[in-house]
Amino acid sequence: MIAAAIVRRACAVAWIWAALPAAFGIAQDESENRHQAHEGWVQTAVLGAAEAHQAAAADERFLYAISSRAIARYDRATGRKDAESRGAAEHLNSGFFWNGRLYCAHSNYPKNPEQSEIRVLDTRSMELTTYKDFGQSDGSLTWAVRHADHWWCTFAFYGDQNPKTYLTKFDDGWRELRRWRYPPEVVERLAGNSVSGGLWWNETLLVTGHDAREIYRLRLPDQGDTLEYMGTMPAPFTGQGIARDPLTGGLVGIDRARRQIIIAELKPAR
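Residues numbered from 1 in each chain as written. Predicted model: local features only at pLDDT ≥ 70, side-chain atom pairs only at ≥ 80, totals over all residues. Heavy atoms only, no water.

Draft legend 1. Summary view of the overall build of the chain. Scanning the chain from terminus to terminus reveals 1 helix and 22 strands. The 270 residues of the chain split such that 57% are buried. The long-range fraction of contacts in the chain, counting pairs at least 24 apart against all pairs at least 6 apart in sequence, stands at 52%. (Helix = DSSP H or I, 4+ residues; strand = E, 2+ residues; numbered from the N terminus. Buried < 20%, exposed > 50% of the residue type's maximum accessible area, 1.4 Å probe, protein only. Contact = heavy atoms within 4.5 Å.)

Here it is as structure tokens:
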């Protein structure tokens with residue numbers, strides 16, 4: 001990959017690109033290396049994006065900054081915003097690319113009773129529509145991804161209720177097959193907030209909280225209904241939604257306070 005750089009402009013859009021390996025993995029064989037140690041994720045590029053409030057996502061040409069009400073598209077080659085979503089939204093969260101479309105968790109948080117949806121962005125027209133309406137939901141949907149021919153969704157609770165936050169597995173007919181609680185090692189680090197982002201990395205779950213610069217590694221338990229805690233990894237993201245970056249093989253996330261999209265690579269332990 002050829003390294004390139006676009007310097008900070010007067011409009012405060014910054015873009016620094018570095019050469020990255022084609023792919024990174026936590027372990028080639030998760031069944032034998034579930035507890036392999038890693039130093040964590042390190043920042044390799046950053047893009048200023050006013051909409052970087054809830055999450056980030058990426059395809060090979062564009063980066064996407066997700067706010068509560070809209071999704072902005074930024075050209076990776078120039079660092080410039082070139083489009084914004086059309087269609088009403090109230091509380092968008094983490095985004096996930098599947099078959100060329102961007103699927104985002106959406107809820108009416110902090111209203112009650114909770115109502116949740118998966119919204120989908122057509123990246124050609126930039127139209128944002130409803131893909132799956134859960135109606136009144138048990139918790140607020142914060143992230144949803146497709147993995148192993150199933151949908152995996154996290155419904156969040158907050159404050160003294162955040163131990164009720166759970167991951168659920170749906171089939172293609174949206175029948176709930178199973179749900180798991182998050183382990184106390186994660187819940188105690190959420191500081192009254194909840195799980196904001198997540199994805200599958202091989203057979204490991206990587207999830208983020210609301211503010212901390214860290215990623216939690218989890219796996220499905222052999223028994224019981226509580227996810228197994230595998231460790232905490234340092235990260236340049238301030239919690240919120242994360243996604244795979246197909247161009248670099250790493251991750252994209254945000255620094256919420258600085259309104260930045262961040263690209264990161266996995267730095268293995270020596």
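Draft legend 2. Local environment of the sheet that holds strand β19 (residues 228-234). Across the sheet, which stays open at both edges, the 4 strands sit in the order β16-β17-β18-β19 with antiparallel pairing between neighbours. Every other strand in the sheet has two partners, leaving β16 (197-201) and β19 as the edge strands with one partner each. Recorded for the sheet is a direction-independent mean angle of 25° between the axes of neighbouring strands. Two strands pair when backbone bridges link them, and β16 and strand β17 (residues 204-208) are joined in this way by 5 bridges, in the antiparallel orientation. Bridged to Gly197 within β17 is Thr208. (Pairing = 2+ DSSP bridges. Axes fitted to C-alpha atoms, helices over the stretch in contact; angles between N-to-C directions.)

Draft legend 3. Quick look at the sheet that holds strand β9 (residues 101-107). With antiparallel pairing, 4 strands are arranged side by side in an open sheet as β8-β9-β10-β11. Either end of the sheet is taken by a strand with one partner, and the two such strands are β8 (92-98) and β11 (127-136). Within this sheet the neighbouring strands show an average axis-to-axis angle of 20°, counted without direction. Note: β8 against β9, 5 bridges, orientation antiparallel. Directly across from Gly95, in β9, lies its bridge partner Cys104.

Draft legend 4. A look at the packing of aromatic side chains. Inspection of the entire model under this criterion finds 19 aromatic pairs. With 5.7 Å between their ring centres and 55° between their planes, Trp98 and Tyr103 make a pair best called tilted. The exposure class assigned to Tyr103 is buried, which follows from its relative accessible area of 4%. Ring plane angle 70° and centroid distance 6.4 Å describe the contact between Tyr131 and Trp174, whose orientation is recorded as edge-to-face. Of this pair, Tyr131 sits in strand β11 while Trp174 sits in the loop between β14 (166-170) and β15 (176-181); the two residues are 43 residues apart in sequence, bridging distant segments of the chain. The class for Tyr131 is partly exposed, based on a relative accessible area of 34%. (Phe/Tyr/Trp six-rings, centres within 6.5 Å; stacked < 30°, edge-to-face > 60°.)

Draft legend 5. Region of interest: the nonpolar core. Counting 31 residues, the largest nonpolar core has Ile118, Phe134, Trp143, Cys153, Leu167 and Tyr182 as the members making the most contacts within it. Counting residues per element, the ones that place at least two in this core are β9, β10 (115-122), β12 (140-147), β13 (150-156), β14, α1 (184-187), β17 and β18 (214-219). Apart from the residues within four sequence positions on either side, Ile118 is in contact with Tyr103, Cys104, Thr129, Thr130, Tyr131, Lys132, Phe134, Leu141, Ala144, Trp151, Cys153 and Trp174. Ranked by size, the runner-up nonpolar core spans 29 residues in total, among them Ala65, Tyr74, Leu102 and Leu121. (Core = buried A, V, L, I, M, F, W, Y, C linked by side-chain atoms within 4.5 Å.)

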